[in-house]
Amino acid sequence: KNKVYIGFVSKVYKKVGAIDVKLESGEIKLGDTILIIGDKSGVHEHKVDSMQTDPGVDVKSAKKGKVVGILVKSLAQKIRPNDKVFILESLINTK
């Protein structure tokens, strides 16, 4: 699998188990698998099953320039602001 940089964690909401990701390139979609990587946080893999661009506004995708909220549950305890976010892409398109 190939990892493609899409942005960074701009805010962590530990109580609700969510993160804000500032998208600097590409697009993120529901069902994507992301890697969150930080010097102190390590490497965390997460399948995106909930995304919001505004509080209470669910979206199916978001593009470069947006800040998107992603529910990561207990992972929020391990993630820090400025951790880098990548999408894992299959090298062979199986759809």
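Conventions used here
Residues numbered from 1 in each chain as written. Predicted model: local features only at pLDDT ≥ 70, side-chain atom pairs only at ≥ 80, totals over all residues. Heavy atoms only, no water. Helix = DSSP H or I, 4+ residues; strand = E, 2+ residues; numbered from the N terminus. Buried < 20%, exposed > 50% of the residue type's maximum accessible area, 1.4 Å probe, protein only. Polar contact = N/O pair within 3.5 Å; in protein donor to acceptor, adjacent residues only side chain to side chain. Contact = heavy atoms within 4.5 Å. Phe/Tyr/Trp six-rings, centres within 6.5 Å; stacked < 30°, edge-to-face > 60°. Lys NZ or Arg CZ within 6 Å of the ring centre and 35° of its normal. Core = buried A, V, L, I, M, F, W, Y, C linked by side-chain atoms within 4.5 Å. 1 Å grid on protein atoms, 1.4 Å probe; cavity = no way out; pocket = protein on both sides within 12 Å on 5 of 7 lines; lining within 4 Å. Points joined across faces, edges and corners; volume = space filled by probe spheres on them. Nonpolar A, V, L, I, M, F, W, Y, C, P; charged D, E, K, R; others polar.

Asker: Tell me about the side chain of His-44, residues and numbers included.
Answerer: You can see His-44 is positioned in strand β5 (residues 42-47). Relative accessible area serves as the criterion here: at 12%, His-44 is assigned to the buried category. Within the structure, His-44 has its side chain in polar contact with the backbone oxygen of Ser-41 (distance 2.7 Å). Once residues within four sequence positions are removed from consideration, His-44 is found in contact with Ile-34, Leu-35, Ile-36, Leu-75, Lys-78 and Ile-79.

Asker: Please give an account of unusual backbone geometry that cites residues and values.
Answerer: With a phi angle near 55°, Lys-73 is a residue other than glycine that sits in the positive phi range. Locating Lys-73 in the fold gives a position in the loop between β9 (67-71) and β10 (84-89). Unusually for a residue other than glycine, Asn-82 sits at a positive phi of about 80°. Secondary-structure assignment places Asn-82 in the loop between β9 and β10. For Asn-82, a relative accessible area of 57% gives the class exposed.

Asker: Before we move on, can you summarise the packing of aromatic side chains with the specific residues and values?
Answerer: All chains considered together, the criterion is met by one aromatic pair. For the ring pair Tyr-5 and Phe-86, a centre distance of 5.7 Å and an interplane angle of 70° mean the geometry is edge-to-face. Here Tyr-5, found in strand β1 (residues 2-13), pairs with Phe-86, found in strand β10; they are 81 residues apart in sequence, far enough to count as distant. By relative accessible area, which is 28% here, Tyr-5 ends up partly exposed. Its relative accessible area of 12% is what places Phe-86 among the buried residues. Note that Lys-3 overlies the ring of Phe-86, its terminal NZ or CZ placed 5.0 Å from the centroid.

Asker: Can you tell me about the nonpolar core, naming the residues and giving the values?
Answerer: Counting residues in hydrophobic clusters, the biggest one holds 21 residues, and the most contacted among them are Ile-19, Ile-28, Ile-34, Val-68, Ile-70 and Ile-79. Looking at this core, the elements that each hand over two or more residues are β1, β2 (18-23), β4 (33-38), β9 and β10. Apart from the residues lying within four places of it in its own chain, the contact partners of Ile-70 are Gly-17, Ala-18, Ile-19, Val-21, Ile-28, Ile-34, His-46, Val-48, Ser-50 and Met-51.

Asker: I'd love a proper account of the layout of surface pockets, names of residues and values included.
Answerer: Its boundaries defined by the atoms lining it, the second largest pocket holds a volume of some 260 Å³. Elements with a minimum of two residues in the lining of the second largest pocket: β2, β6 (51-54) and β9. A per-class count over the lining of the second largest pocket returns nine nonpolar, four polar and two charged.

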